[in-house]
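An overview of the molecular structure
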Protein chains: 2
Amino acid sequence: MTQLLIIGGSDAGISAALRARELAPTTSPMIVMADDFPNFSICGLPFFLSGEVTDWRNLAHRTKEDIIHAGIQLLTNHTATTIRPQDKVVTAIDAAGKEKHLTYDRLIIGTGAVSNRPSIPGIDLPGVYFLRWMADSFAVHQHLTERNPRSVVIVGGGYIGLEMADALVLRGLQVTLVEHNPSVLKTVNPILGDMVKGELERHGVAVANGVSITAIQEQGNQLLVSGSHGFKEATDMVLVAVGAKPNTQLAHSAGIEMGFGGAIRVNRKMETSRPDIYAAGDCVETWHRILDQNTYLPLGTTAHKQGRVAGANAVGHSQIFAGSLGTQVVKVFDLAIARTGLRDSEALAVGFDPLTLETDVWDHKGYYPGAHKLRILVTGDRQTGKLLGAQIAGHYQGEVAKRIDIYATALFHGMTVAAVSDLDLSYTPPLGSPWDAVQMAAQAWSKALQSDLACCQSA
Amino acid sequence: MTQLLIIGGSDAGISAALRARELAPTTSPMIVMADDFPNFSICGLPFFLSGEVTDWRNLAHRTKEDIIHAGIQLLTNHTATTIRPQDKVVTAIDAAGKEKHLTYDRLIIGTGAVSNRPSIPGIDLPGVYFLRWMADSFAVHQHLTERNPRSVVIVGGGYIGLEMADALVLRGLQVTLVEHNPSVLKTVNPILGDMVKGELERHGVAVANGVSITAIQEQGNQLLVSGSHGFKEATDMVLVAVGAKPNTQLAHSAGIEMGFGGAIRVNRKMETSRPDIYAAGDCVETWHRILDQNTYLPLGTTAHKQGRVAGANAVGHSQIFAGSLGTQVVKVFDLAIARTGLRDSEALAVGFDPLTLETDVWDHKGYYPGAHKLRILVTGDRQTGKLLGAQIAGHYQGEVAKRIDIYATALFHGMTVAAVSDLDLSYTPPLGSPWDAVQMAAQAWSKALQSDLACCQSA
């Protein structure tokens, strides 16, 4: 019986444990984890803080009891401090500093990521928050419920920043969102980022683009946030959401090799540089299916998939991570914004000859009530005609999320843009068109390529 | 310059003409058509009759002016009566019986389908309607607006019957739906058909399953509909929607070979048995990508695709119809029901060893408000693990339509059920799960296969 030890009880770790049990029912994986919240939906934190999820316990994908019932041992509130690969021992300490030594045959590291903390004066002041783990969430929640703030400055216009803007408007706060890029949601083209900005402003969020925060100071009962271009705002709380970086200190000190972006180097079997040690999730680099190389793309979906592969391989199977396409979606108020694959600039950087075309198209037949216009950007390669990526923005009930998934599935199989029209997709006037929106956008791309009238989007 | 003549101004004919113009801009295709309504959305008729589409003109995918502006000649209100392949001449007559002789280099036949008319006494009585063309729709509309009926009996529980039940309830009529099969919507498994029946009943529709209509008689100002098992109902109008058959009389009399189900035989280039004559849409047989043979599957989506291929080939290109998967979706009140690929019985019939598993799964994370349960049936082959088909029923805002399209895209590429979990699909708690519903259902199928605890659905 393989002794399987897993460090980390979030998406990657839990997926790995479940998959190992599924394939090797006699294995009894043990998960050692730093807090007491196994398998919590980190992506759900904004919806707890908005009040939409009334009980934080509902954020658990599975309860602790479910996990134990599935045959997984949990060692909670223990932080792994060292891995000794030569002895196959992991040391962990509890809050009181008491050590435990855990042996393993196979080890899976799923230590996740940590929030980036900009080194600016005042970043550690009370009232300044980050949002990554349950503890962060409880701290923000406590501030919201006990101090009843009326305003917030959110630093960062990425997924978490945008979702928190939505959440805190819903809660009645006056929200200012500061983003140092010229548009919010820099993971999509500026034309979609500007749609997001419009949606934020329509809901009363003040958006400051192109502003870098330089300092946070106490000012009476408030915090004064200062930034470039004369930005100054007094606020009741500050939330900093400027991305995350892989949490690799433990792996690094065990002599495990690092890869792209300082993440743990892994191959597609999720093996690290050390025998019998696997790693998965936000702490590792990720093989990208179109780039055909490793990158750093921490996403919950990917963590689940990598964990599943690591779990299978750790109990003797030989599975391969199929790769990421960077598929992602976010809902901001009534707008959903999604992407998959490469944008123009990313495609250019790896030697493609990309053309990106923007098309506005109805989500379903315009004559049927409730039709919404979707804005679709298709990126394809001029030389081969291959689909490289797509972006969609539109009303969240316009099936934006699952439409990006059609492109993602096409991309997975290396389809050309033209061949997207060959797909036999469903149609009824209330829910689509005889050529679905994704096909109309693909056909528009093909016409643009043909006629050389393409309107290139700079990325 | 190729003289391109097209018979039929609906989906296949218009698609063919547009594609021909796109690829050969000097061509000036002529479309001869029996009515005055080119490029109308036949699938939209129920929504005109419900009152949701207030002006029938909005049902046009394109206006007559758009079509002419695209360089297409329209000869409306002319019915093609003969094709003489040896002379390359088509004869058409107008309402007054005046003949026109039209020559061609290449001909595309897109004559569509005609409603099945059960041979029962009273089927031709005033107040008994069919629904396929604009003229049918105007007749029904006139009855609704001028005679103000309070009740209707709909014969047939397929797509049109169900959509018309929804439409006429919306209009305030008391609706009785009669279906001779044991469940409505026989194109999906009975367990989903029963969900549809429940949705109909929840909205006040009386559903009579297992009843065959035997006669319609006049009874005062009403019609008396009689059927098997003692069915008898007096009603203000009758709508018969029991399917359609290919409209092939013209082609047949020109000596063109017929194929599956009496539809015009075509190859994947949409060529008929006669040189320079192509055919597309509801009048032809359809190559099925999983069956790997021809079948009869009249769908608007397919008509568009086949028309596009025929149009390209008629102007000298060499394109191949990629095949149908029978992907389809219908919305009945708040429920969307979708399918793609093969059901158990269809798979068995062609030699697969199918297993079908039913899974109920949330459309998005249950903790986020507005989550709906989807019922997903996955059919795969026990021997090869290949995905053969899928069916989904659930709230129409649960992205049912585009989720079936993810399966359709996977099917298109011959994926295994297990590989569906490798797809990099989008996730945010309001719109999905880290493993999307389509992946959870696929994983459940794999587990069922493994553990041999499969709960087979009879088809």
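Residues numbered from 1 in each chain as written. Chains lettered and ligands numbered in written order. Predicted model: local features only at pLDDT ≥ 70, side-chain atom pairs only at ≥ 80, totals over all residues. Heavy atoms only, no water.

**Some words on the pairing of strand S1 (residues 4-7) of chain A**
Residue and element names in this part refer to chain A. The criterion, for reference: Each residue's exposure class comes from its accessible area (1.4 Å probe, protein chains only) as a fraction of the maximum for that residue type: buried when under 20%, exposed when over 50%, partly exposed otherwise. Numbering of helices and strands starts at the N terminus; helices are DSSP runs of H or I of at least 4 residues and strands are runs of E of at least 2. At least two DSSP bridges between two strands are needed for those strands to be called paired. By definition, the crossover connecting two strands over a helix is right-handed if that path, from the first strand to the second, turns clockwise as seen with the strands pointing away from the viewer.
Burial of the side chains of S1 extends over both faces: Leu4 and Ile6 are buried on one face and Leu5 and Ile7 on the other. Taken together, the four bridges between S1 and strand S7 (residues 106-109) define a ladder with parallel strand orientation. Looking at S7, one finds that Ile6 is bridged to Ile108. In terms of strand pairing, S1 meets strand S2 (residues 30-32) through three bridges, oriented parallel. Paired with Leu5 across the bridge in S2 is Met30. As a crossover connection, the stretch from S1 through helix H1 (residues 11-23) into S2 is right-handed.

**So, the environment of Val153 of chain B**
All names here are of chain B. Rules: The contact rule is simple, with two residues in contact once any of their heavy atoms fall within 4.5 Å.
Inspection of the secondary structure puts Val153 in strand S10 (residues 151-155). For Val153, a relative accessible area of 0% gives the class buried. Residues Val153 and Thr235 lie 82 residues apart in sequence; the distance between their C-alpha atoms is 6.4 Å. Discounting residues that sit within four places of it in the chain, Val153 has contacts with Thr176, Val178, Val225, Glu233, Thr235, Met237, Val238 and Leu239.

**As for the nonpolar core**
Taken as a class, soluble globular proteins show a tendency for nonpolar side chains to be buried jointly. Convention followed: Nonpolar cores were defined as sets of buried Ala, Val, Leu, Ile, Met, Phe, Trp, Tyr and Cys residues, with membership established by side-chain atoms within 4.5 Å.
Core analysis: the biggest nonpolar cluster contains 82 residues, and Ile376 and Tyr407 of chain A together with Ile376 and Tyr407 of chain B have the highest contact counts within it. Those residues within four positions of Ile376 of chain B in sequence are excluded, and the remaining contacts are Leu357, Glu358, Thr359, Val361, Gln391, Ile392, Tyr407, Ala437, Val438 and Ala441 of chain B. By size, the runner-up hydrophobic cluster in this structure holds 50 residues, among which are Ala24, Trp287, Ala312 and Val315 of chain B.

**Description of the side chain of Thr76 of chain B**
In this fold, Thr76 of chain B is placed in the loop between strand S3 (73-75) and strand S4 (79-84). When sequence neighbours within four positions are dropped, the list of residues in contact with Thr76 of chain B reads Met33, Asp35 and Asp36 of chain B.

**Here's the deal with the sheet that holds strand S25 (residues 387-395) of chain A**
Residue and element names in this part refer to chain A. The cut-off we apply is this: Angular values range over 0 to 180 degrees, each being the angle between N-to-C directions of two axes fitted as lines to C-alpha atoms, with helices fitted over their stretch in contact.
Strand order in the open sheet formed by five strands is S21-S22-S25-S24-S23, with antiparallel pairing between adjacent strands. Edge positions in the sheet fall to strand S21 (328-332) and strand S23 (354-362), since each of these pairs with one other strand and no more. The mean inter-strand angle of the sheet, taken between neighbouring strand axes irrespective of direction, is 10°. Direction of pairing for S21 relative to strand S22 (residues 335-341): antiparallel, over a ladder of five bridges. Each residue of the ladder has a partner; that of Val332, found in S22, is Leu335. Strands S21, S22, strand S24 (373-381) and S25 of the sheet are contacted by helix H10 (residues 400-412), whose axis makes an angle of about 175° with S25.

**Focus on the pattern of salt bridges**
Close approach of charged atoms allows side chains of opposite charge to pair. Threshold: Here, a salt bridge means any side-chain nitrogen of Lys or Arg that lies within 4 Å of a carboxyl oxygen of Asp or Glu.
Tallying each qualifying case throughout the model produces 40 salt bridges over all chains. The shortest N-O distance in the salt bridge between Asp436 of chain B and Lys402 of chain A comes to 2.8 Å. Taken as a pair, Asp436 of chain B in the loop between helix H10 (400-412) and helix H11 (437-451) and Lys402 of chain A in helix H10 lie in two separate chains rather than in one. The pair formed by Asp436 of chain B and Lys402 of chain A is uniform in burial state, with each residue classed as buried. As a salt-bridge pair, Asp36 of chain B and Lys64 of chain B come within 2.7 Å of each other at their nearest N and O atoms. Taken as a pair, Asp36 of chain B in the loop between strand S2 (30-32) and helix H2 (45-49) and Lys64 of chain B in helix H3 (residues 64-69) lie far apart in primary sequence, 28 residues in all.

**Looking at the interface of chain A and chain B**
Interfaces are often sized by the amount of accessible area the parts lose when they come together. Our working definition: Here the quantity called buried area is the total loss of accessible area, with a 1.4 Å probe, experienced by two parts when brought into contact, counted for both.
Counting residues at the interface gives 66 residues for chain A and 66 residues for chain B. Surface buried jointly by chain A and chain B totals about 5800 Å² across both partners, of which 62% is contributed by carbon and sulfur atoms. For chain A, the biggest contributors to the area lost against chain B are Tyr367, Lys402 and Asp424 of chain A; these three give 14% of the whole. At the boundary of chain A with chain B, the tally comes to four salt bridges.

**Digging into the relation of the copies chain A and chain B**
The criterion, for reference: Least-squares superposition of the copies uses the C-alpha atoms of those residues scoring a pLDDT of at least 70 in each of them.
Once chain A is rotated about the relating axis by 180° and shifted along it by 0.0 Å, it coincides with chain B to within an RMSD of 0.0 Å. Classification of the inter-copy transformation places it as that of a two-fold axis. Looking at chain A, 100% of its interface residues are interface residues in chain B too, so the copies touch through the same face.

**Observations concerning the packing of aromatic side chains**
Filter applied, for reference: What counts as a ring pair is set by centres within 6.5 Å for rings of Phe, Tyr and Trp (its six-membered ring), and what kind of pair is set by the plane angle: stacked under 30 degrees, edge-to-face over 60, tilted for all other angles. Ring-over charges, as used throughout, are those where CZ of Arg or NZ of Lys falls within 6 Å of the ring centre and within 35 degrees of the ring normal.
Per the stated rule, a full pass over the model turns up 12 aromatic pairs over all chains. With centroids separated by 5.0 Å and ring planes inclined at 80°, the aromatic side chains of Tyr368 of chain A and Phe47 of chain B adopt a geometry described as edge-to-face. Taken as a pair, Tyr368 of chain A in the loop between S23 and S24 and Phe47 of chain B in helix H2 lie in two separate chains rather than in one. For Tyr368 of chain A, a relative accessible area of 9% gives the class buried. One aromatic cluster is present, built from ring pairs that chain together Phe37, Phe40, Trp56 and Phe138 of chain A. Across from the ring centre of Phe412 of chain A, 3.6 Å away, lies the NZ or CZ of Arg289 of chain A, which sits over that ring.

**Overview of the domain arrangement of chain A**
All names here are of chain A. Note the threshold: What fixes the domain bounds is an automatic or database domain assignment.
What the domain assignment reports for chain A is domain 1 (4-114 + 245-314), domain 2 (128-240) and domain 3 (334-458). Spacing between the C-alpha centres of domain 1 and domain 3 amounts to 35 Å. Residue-level contacts link five residues of domain 1 with seven residues of domain 3. Together domain 1 and domain 3 conceal approximately 520 Å² of surface at their shared face, both sides included; 73% is due to carbon and sulfur atoms. Sorting the residues of domain 1 by area buried against domain 3 places Arg289, Ile290 and Leu291 first, and these three jointly supply 86% of that buried surface.

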